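Now for the letters of each chain:
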Amino acid sequence: MKIFFIYYSFFCSIISAAQQSPDSFKINNSDLLSSKSIKVFRDTADTRPRNVYGDLLNDDPLYNPKSSLGLTLLRVTSSNVFGWAYSRYVMKKEWAEISIKTIKNNFKHGWEWDNDRFGTNFIVHPRSGSDYFNVARSNGYSFWASYPFAFIGSAQWEWFGENTRPSKNDLINTPISGAFLGEVLYRISSNILDDRKRGRNRAWREVFAGAVNPSRALNRLTQGKMTRVTPYDVYQEEPLNVTLSFGAHRVNENNKFSTGSTNAIVNLQLDYGDPFEIRRRKPFDVFRLRLESRYGDDKRIIDNVLGYGLLFGKNIIKGNNGMLVGIFQHFDYWNNKVFELGSLGFGPGIISKIKFRTHSNLYSGLHFAAVPLAGNSTRFGPDSSEFRDYPFGGGWEGRIEERFNIGRWMSIGFNGYYYWIHNYEGSNRKSRIGILKPLVTLRLINNISIGFEHHIYYDNRFIDELNELHLRTTEQKVFLQFFFEDRRRYGKYH
């Protein structure tokens with residue numbers, strides 16, 4: 001039920017965002033959503049900058065003024081106070097039993113690598129960081145201006161919110177990955193919200209946007225924005241494509257095809273923004289986020305979360321072919337039977353499109369990133385998830401994505417990931433982890449396809465000069481895929 005509720009709330013809200021028809025354009029159905037069919041009708045009195053689809057390129061500062069620095073810091077601090085009170089008096093957490101003495105000890109003894117579980121450090125803490133970030137973001141601050149508030153909120157918590165020593169990894173991962181998740185949630189909630197609406201339509205939009213971005217919902221409530229009606233659109237929006245897949249997943253025994261236990265899977269992928277529109281780029285005008293859960297003998301509410309967002313970039317367009325070159329931020333979390341891996345990264349990337357025929361094209365993505373922080377544990381041996389059984393490290397990561405869409409009916413391609421991780425603590429160990437995922441999908445009817453995916457995991461660990469560990473696992477997935485295409489942007493981008 002927990003998995004169902006998470007996906008249902010998130011899925012319903014983003015589908016409503018992706019399928020809405022804005023007032024600023026009309027579609028000629030006879031051209032079947034070709035790029036020539038989009039006609040934008042703008043109010044000549046409205047000089048605010050817009051994208052080619054007629055949507056705002058920036059939040060309107062008249063309706064979204066920047067709050068004072070003091071008020072925003074107060075709201076970040078109050079968020080920590082309420083979080084601590086809930087942990088201390090409702091959840092009865094021992095680490096929340098703070099005092100003047102524990103605070104003095106935190107300052108006296110300094111920073112350490114904490115002993116939290118893997119999911120806590122690489123999922124829960126970034127999610128907390130997204131709340132700090134969105135306190136500022138929903139108070140009129142830009143992406144970069146919201147970043148410091150995530151660091152401040154994290155530092156406050158580390159020094160004052162727990163009776164354990166402040167954590168090095170949390171001060172890095174909570175605000176940085178929190179900013180990644182925070183901006184993703186902010187952008188999605190902006191696509192859902194529409195302050196021009198009234199009545200039931202408006203109420204449902206506020207509910208769904210609040211489920212996606214609770215911090216923003218609380219700010220909207222205190223600022224009176226939930227009931228405010230504006231004559232114009234006031235938030236930046238970009239096209240949003242949604243891919244939802246349901247299917248079965250099997251991890252092979254001894255890498256023998258179609259052996260082992262079977263689990264049900266749910267996969268959600270969001271592709272935001274048009275990477276091939278010529279414009280001045282801002283952070284996260286283009287991003288991708290992919291989430292997967294599995295249920296069965298190997299139940300995991302979060303099996304993996306993979307995403308990247310553009311920080312700086314420039315478009316190169318020639319005829320029907322296009323390219324986006326830039327610097328991207330990455331968020332990676334893997335949790336499977338071979339290993340757990342979490343990392344954040346920054347580095348250059350290229351997204352390109354080559355058109356062959358009317359409905360045939362090749363989409364490519366190539367990324368390379370420096371990884372300032374990563375955690376990596378092997379599943380070799382007993383499950384020790386109740387305590388930290390992994391070292392922190394850093395290094396590099398690479399990613400390649402290829403999709404060849406053949407007409408309207410078939411898509412083939414693969415995803416590849418590789419991580420070079422060197423330990424920061426403990427022994428001087430190194431890890432080399434690779435994931436290769438070839439896949440094929442066949443369209444059945446309308447937006448429904450059937451697909452097959454094969455996974456190969458490599459986990460190579462170099463413990464010392466004499467000891468090495470090499471693990472390899474394969475698995476297969478069969479799924480039914482539903483592709484919800486934003487009607488403003490033609491063509492799959494995945």
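Residues numbered from 1 in each chain as written. Predicted model: local features only at pLDDT ≥ 70, side-chain atom pairs only at ≥ 80, totals over all residues. Heavy atoms only, no water.

1. Regarding the overall build of the chain
The secondary structure content of the chain amounts to eight helices and 14 strands. The proportion of buried residues among the 494 residues of the chain is 53%. Of the contacts formed within the chain by residues at least 6 apart in sequence, a portion of 67% connects residues at least 24 apart. By element, 62% of the accessible surface of the chain is carried by carbon and sulfur atoms, the whole surface being about 22700 Å². (Helix = DSSP H or I, 4+ residues; strand = E, 2+ residues; numbered from the N terminus. Buried < 20%, exposed > 50% of the residue type's maximum accessible area, 1.4 Å probe, protein only. Contact = heavy atoms within 4.5 Å. Areas by Shrake-Rupley, 256 points an atom, 1.4 Å probe, with all protein chains shown as cover.)

2. A look at the pairing of strand β10 (residues 392–406)
Pairing of strand β9 (residues 360–378) with β10 involves 13 bridges; the strand directions are antiparallel. What sits directly across from Phe368, in β10, is Gly398. In terms of strand pairing, β10 meets strand β11 (residues 410–423) through 14 bridges, oriented antiparallel. Each residue of the ladder has a partner; that of Ile406, found in β11, is Met410. In textbook terms, the turn of a hairpin is the stretch between consecutive antiparallel strands, and for β10 and β11 this stretch comprises three residues, one of which, Gly407, has a positive phi near 60°. (Pairing = 2+ DSSP bridges.)

3. What to know about the environment of Asn304
Along the chain, the position of Asn304 falls in strand β6 (residues 300–318). Separated by 37 residues in the primary sequence, Asn304 and Leu341 have C-alpha atoms spaced 9.3 Å apart. Side-chain polar atoms of Asn304 contact the side chain of Asp303, separated by 2.9 Å. (Polar contact = N/O pair within 3.5 Å; in protein donor to acceptor, adjacent residues only side chain to side chain.)

4. Looking at the packing of aromatic side chains
The relative placement of two aromatic rings is captured by the distance of their centres and the angle of their planes. One pass over the full model with this rule turns up 36 aromatic pairs. Both rings, one in Trp84 and one in Tyr89, keep their centres 5.6 Å apart while their planes meet at 85°; by these two values the pair is edge-to-face. By way of ring pairs, the aromatic residues Phe133, Phe143, Trp144, Tyr147, Phe151, Phe180, Tyr272, Phe284, Phe287, Phe312 and Phe331 are connected into one cluster. Geometry around Tyr186 places Arg216 over its ring, the cationic atom sitting 3.9 Å from the centre. Of note, Arg443 hangs over the ring of Trp409, and the distance from its end group to the ring centre comes to 4.4 Å. (Phe/Tyr/Trp six-rings, centres within 6.5 Å; stacked < 30°, edge-to-face > 60°. Lys NZ or Arg CZ within 6 Å of the ring centre and 35° of its normal.)

5. Some words on the sheet that holds strand β8 (residues 339–357)
Read around the closed barrel, the twelve strands follow the order β3-β4-β5-β6-β7-β8-β9-β10-β11-β12-β13-β14; overall the barrel is antiparallel. Neighbour to neighbour, the strand axes of the sheet diverge by 20° on average, direction disregarded. Where strand β7 (residues 321–335) meets β8, 14 bridges bridge the pair, whose relative direction is antiparallel. Bridge pairing links Trp334 to Leu341 in β8. Helix α5 (residues 143–161) contacts β6, β7 and β8 of the sheet and is inclined by roughly 145° relative to β6. In this fold helix α6 (residues 168–192) packs onto β3 (240–251), β4 (262–272), β5 (287–295), β6, β7, β8, β9 and β10, with an angle of close to 120° to the strand it touches most, β7. (Axes fitted to C-alpha atoms, helices over the stretch in contact; angles between N-to-C directions.)

6. Re unusual backbone geometry
Glycine aside, negative phi is the norm for most residues, and most peptide bonds take the trans geometry. Positioned with a positive phi, Lys92 is a non-glycine residue whose angle comes to about 55°. As for its position among the elements, Lys92 is in the loop between α2 (69–90) and α3 (100–109). You will see that Phe284, though not glycine, has its phi angle at about 65°, which is positive. Looking at the secondary structure, you find Phe284 in the loop between β4 and β5. Phe284 gets classed as buried once you look at its relative accessible area, which sits at 0%.

7. Section: the nonpolar core
Residues Phe180, Val184, Ile188, Phe284, Phe331 and Tyr333 are the most contacted members of the largest nonpolar core, which totals 48 residues. Considering each element in turn, this core owes the most residues, eight residues, to α6. Contacts of Phe331, omitting those with residues within four sequence positions, involve Phe122, Ile123, Pro126, Ser177, Phe180, Leu181, Val305, Leu306, Gly307 and Ser343. Formed by 15 residues, the second largest nonpolar core is a distinct cluster that contains Phe339, Tyr417, Ile435 and Leu471. (Core = buried A, V, L, I, M, F, W, Y, C linked by side-chain atoms within 4.5 Å.)

8. Description of the confidence of the model for the chain
When pLDDT is averaged along the chain, the result is 86; 87% of the residues meet or exceed 70. Mean pLDDT across the elements of the chain ranges from a minimum in strand β1 (residues 25–27), with 32, to a maximum in α6, with 96. Here residues 1–6 is a poorly scored stretch, pLDDT under 50, and it has six contacts once near neighbours within four places are set aside; other chains count. Ignoring residues within four places in sequence, the model shows residues 21–41, a span with pLDDT below 50, making 34 contacts including any to other chains. (pLDDT = per-residue confidence, 0-100.)

9. With respect to the side chain of Asp271
Position of Asp271 relative to the elements: it lies in strand β4. Taking the relative accessible area as the measure of exposure, Asp271 reaches 0% and is therefore buried. Looking at Asp271, its side chain comes within polar contact range of the side chain of Gln269, at 3.1 Å.

10. Notes on the environment of Trp84
Its location among the elements puts Trp84 in helix α2. Taking the C-alpha atoms as reference points, Trp84 and Glu162, separated by 78 residues in sequence, lie 8.2 Å from one another. Beyond its immediate sequence surroundings of up to four residues, Trp84 is in contact with Tyr89, Ala96, Ile98, Trp157 and Gly161. A distance of 2.7 Å separates a polar side-chain atom of Trp84 from the backbone oxygen of Ala96.

11. What about the pattern of salt bridges?
Within the structure shown, the criterion is met by 25 salt bridges. With a closest N to O distance of 3.6 Å, Asp195 and Arg202 form a salt bridge. With a relative accessible area of 1%, Asp195 lands in the buried category. Judged by its relative accessible area of 6%, Arg202 is buried. A salt bridge links Arg279 to Glu277, with the nearest nitrogen and oxygen atoms 3.3 Å apart. (Salt bridge = Lys/Arg side-chain N within 4 Å of Asp/Glu carboxyl O.)

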